[in-house]
Amino acid sequence: MTGLDHALGTRVVVRVLDAGGEVVGGGFFVGPDLVATCAHVVATAIGADPYAAQSPGGRVRIDVPLFRDPETEQPPSIPAEITRWVPIGDDGTGDIAVLRLDGRAPEGTRMP
């Protein structure tokens, strides 16, 4: 098939990291500086309650695993602020978090 971006998956995916730099989950770009992920992933990253009605606030780090910083040869690590929080509901719905990056995503990333 022509016209399809077969590398799209590699350009939209991020990893959410805990304070020690360990990967605790994933997400994807929904804007040039926005990432959608799960509330339970963010909660794991910062030690919060994914069922709490109020956003835990704070910041997390994400990286873009298939991009490499030319100087370090590592994925770029980017701080992000929790800007939207929908906790896990009693019925299992919700579980959404939106993160706003400090700056823009690396050149070449895309929204799905």
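Going along each chain's sequence as written, the residues are numbered from 1 onward. Given that the model is predicted, a residue must reach a pLDDT of at least 70 before its local features are reported, and side-chain atom pairs must reach 80 or more before they are shown or counted; all residues, however, enter totals for whole chains, interfaces and linings. To get the side-chain values, take all heavy atoms of the structure and skip hydrogens and water.

The next thing to look at is the environment of phenylalanine 29. Where helices and strands are cited, they refer to DSSP runs of H or I of at least four residues and of E of at least two residues respectively, numbered from the N terminus. Checked against the element boundaries, phenylalanine 29 lands in strand E2 (residues 23-31). C-alpha of phenylalanine 29 to C-alpha of threonine 109: the two residues are 80 residues apart in sequence and 7.9 Å apart in space.

Pairing in this closed barrel of six strands is antiparallel, and the strands run E1-E2-E3-E6-E5-E4 around the ring. For this sheet, the mean inter-axis angle between neighbouring strands, taken without regard to orientation, is 40 degrees. As defined by bridge partners, strand E3 (residues 34-37) adjoins strand E6 (residues 94-101) across four bridges and the pair is classed as antiparallel. Along E6, the bridge assignment pairs leucine 34 with arginine 100. Set on the sheet, helix H2 (residues 39-46) makes contact with strand E1 (13-17), E2, E3, strand E4 (59-63), strand E5 (77-88) and E6; between it and E5 the angle comes to about 125 degrees. Strand pairing is defined by DSSP finding a minimum of two bridges between the two strands. Here an axis means a line fitted to C-alpha atoms, over the contact stretch when the element is a helix, while the angle between two N-to-C directions is reported on a 0 to 180 degree scale. Note on contacts: a residue pair qualifies if any of its non-hydrogen atoms lie within 4.5 Å across the two residues.

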